[in-house]
Amino acid sequence: MLVLVAPGQGAQTPGFLTPWLELPGAADRVAAWSDAIGLDLVHYGTQADADAIRDTAVAQPLLVAAGILSAAALGDISAIAPGGVAGHSVGEITAAAFAGVLDDTAALGLVRTRGLAMADAAAVTETGMAALLGGDPEVTLPHLEKLGLTPANINGAGQIVAAGTLEQLAALAEDKPEGVRKVVALKVAGAFHTSHMAPAVDTLAEAAAKLSPADPKVPYVSNRDGRTVESGAEVLERLVGQVANPVRWDLCMETFKELGVTALVEVCPGGTLTGLAKRALPGVKTLALKTPDDLDAARALLAEHTGA
């Protein structure tokens, strides 16, 4: 059984979309999405520098567009019929498109609203996020609480992402929890999945209310608690609340195990989630779609593990 997953913010790098736009019809498709949401995805995916694509309002639609585009290069998702789909943070919107909950244009419109709303919320206070590598959650979590930080992403495989003010993150860098090997600042512009993002929730709820979600065509695994969600309306409700609540990727991977996962493919710009899977899901074959050169290997994995 194969799961198809989509990465979250911080996975983007300058120019990462360039080779994907060389695929037949891809440039026209991305240009149409750009017109629909009022953001030049082609420019940001090919020419913009790291600071420009770090902007939350840019990074989020860019990642969802890249995920949808790279998955489409594998073939029709309904025909591939993965055993499950999931996304990390903003990647949940990409996964909602995979599952047929939202069409591509609706997904990109929603993520454009999400990115703008979260950028506005992030501008209120200088905040950020940092990954803690190693350590025991029973030691790390109380330590974060002591510093006033939120465990915004509990990713499993020995990784927790803390979020809070820049002052709180600086204190963390000086005072790591026992057992934590390293604290790595992430390329994001705010303390996502914390109370700092509460102002974005109402804006996103208004946008979501205008959509007509369909029920997932394949199992959709939610960041909130790792549960599979069968109702499109509930998927949308969870996408709204998710911006101010922790990502439980550890629980998503536990559900992959329960579903009987044997392979995992991470769409462009892949790498982060496959790295976590290699540590937390031993024996599961993994593949990250970084460039179109990875498509043949991904198709072979799909054929082996889905019968597609």
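Everything below is about the structure shown above.
Residues numbered from 1 in each chain as written. Predicted model: local features only at pLDDT ≥ 70, side-chain atom pairs only at ≥ 80, totals over all residues. Heavy atoms only, no water.

### Thoughts on the environment of Gly270
- Secondary-structure assignment places Gly270 in the loop between β9 (263-266) and α13 (272-280).
- Taking the relative accessible area as the measure of exposure, Gly270 reaches 8% and is therefore buried.
- Taking the C-alpha atoms as reference points, Gly270 and Gly8, separated by 262 residues in sequence, lie 9.6 Å from one another.
- What Gly270 contacts, discounting residues up to four positions off in sequence, is Ala288, Leu289 and Lys290. (Helix = DSSP H or I, 4+ residues; strand = E, 2+ residues; numbered from the N terminus. Buried < 20%, exposed > 50% of the residue type's maximum accessible area, 1.4 Å probe, protein only. Contact = heavy atoms within 4.5 Å.)

### Details of the layout of surface pockets
- Approximately 400 Å³ is the volume found for the largest pocket.
- Lining of the largest pocket is provided by 24 residues; of these, Gln9, Gly10, Ala11, Leu186 and Thr272 occupy positions nearest its centre.
- For the lining of the largest pocket, the elements supplying multiple residues, two or more each, are β3 (127-134), β4 (150-156), β5 (159-165), β6 (180-185) and α13.
- Its residues placed into classes, the lining of the largest pocket shows 13 nonpolar, ten polar and one charged.
- There is about 280 Å³ of room inside the second largest pocket.
- Taken together, 15 residues line the second largest pocket, and the ones lying closest to its centre are Asp76, Ile77, Ser78, Ala97 and Phe98.
- For the lining of the second largest pocket, a count of residues per class yields eight nonpolar, three polar and four charged. (1 Å grid on protein atoms, 1.4 Å probe; cavity = no way out; pocket = protein on both sides within 12 Å on 5 of 7 lines; lining within 4 Å. Points joined across faces, edges and corners; volume = space filled by probe spheres on them. Nonpolar A, V, L, I, M, F, W, Y, C, P; charged D, E, K, R; others polar.)

### Observations concerning the pattern of salt bridges
- In the structure shown here, the tally under the stated rule is ten salt bridges.
- One salt bridge connects Asp250 with Arg248, and the closest N-O pair in it is separated by 2.7 Å.
- Residue Arg248 is classed as partly exposed on the basis of its relative accessible area of 25%.
- Ionic contacts of the salt-bridge type, sharing partners, join the residues Asp225, Arg227, Glu234 and Arg238 into one network. (Salt bridge = Lys/Arg side-chain N within 4 Å of Asp/Glu carboxyl O.)

### Points about the pairing of strand β10 (residues 285-288)
- Alignment of β9 against β10, held across four bridges, turns out to be parallel. By the bridge assignment, Glu266 is partnered in β10 with Ala288.
- With α13 bridging β9 and the parallel β10, this β-α-β connection has right-handed handedness. (Pairing = 2+ DSSP bridges. Right-handed = clockwise from strand over helix to strand, strands pointing away.)

### Looking at the packing of helix α1 (residues 26-37) against helix α4 (residues 56-72)
- Running from amino to carboxyl end, α1 crosses α4 at an angle of 145°, the nearest separation of the two axes being 11 Å. Both α1 and α4 take part in a crossing whose hand is right-handed. Residue-level inspection shows Ala26, Arg29, Val30, Trp33 and Ile37 of α1 in contact with α4, the latter providing Pro61, Ala65, Ile68, Leu69 and Ala72.
- Its residues assigned to classes, the contact of α1 with α4 shows nine nonpolar, no polar and one charged. (Axes fitted to C-alpha atoms, helices over the stretch in contact; angles between N-to-C directions. Left-handed = near helix turned anticlockwise from the far one by under 90°.)

### A look at the packing of aromatic side chains
- One pass over the full model with this rule turns up one aromatic pair.
- Their ring planes at 80° and their centres at 5.8 Å tell us that Trp249 and Phe256 sit as a pair that is edge-to-face.
- Classification of Phe256 as buried rests on a relative accessible area of 0%. (Phe/Tyr/Trp six-rings, centres within 6.5 Å; stacked < 30°, edge-to-face > 60°.)

### Some thoughts on helix α10 (residues 198-208)
- Among all positions in α10, only Ala200, Leu204, Ala207 and Ala208 are buried. For α10, the angular spread of buried residues about the axis comes to 90°, placing them on one side. α10 presents Pro199, Asp202 and Glu206 as exposed residues on the side facing more than 90 degrees away from its buried surface.
- Residues of α10 that are buried sit in contact with α7 (104-122) and α11 (232-242). (Arc of directions from axis to C-beta.)

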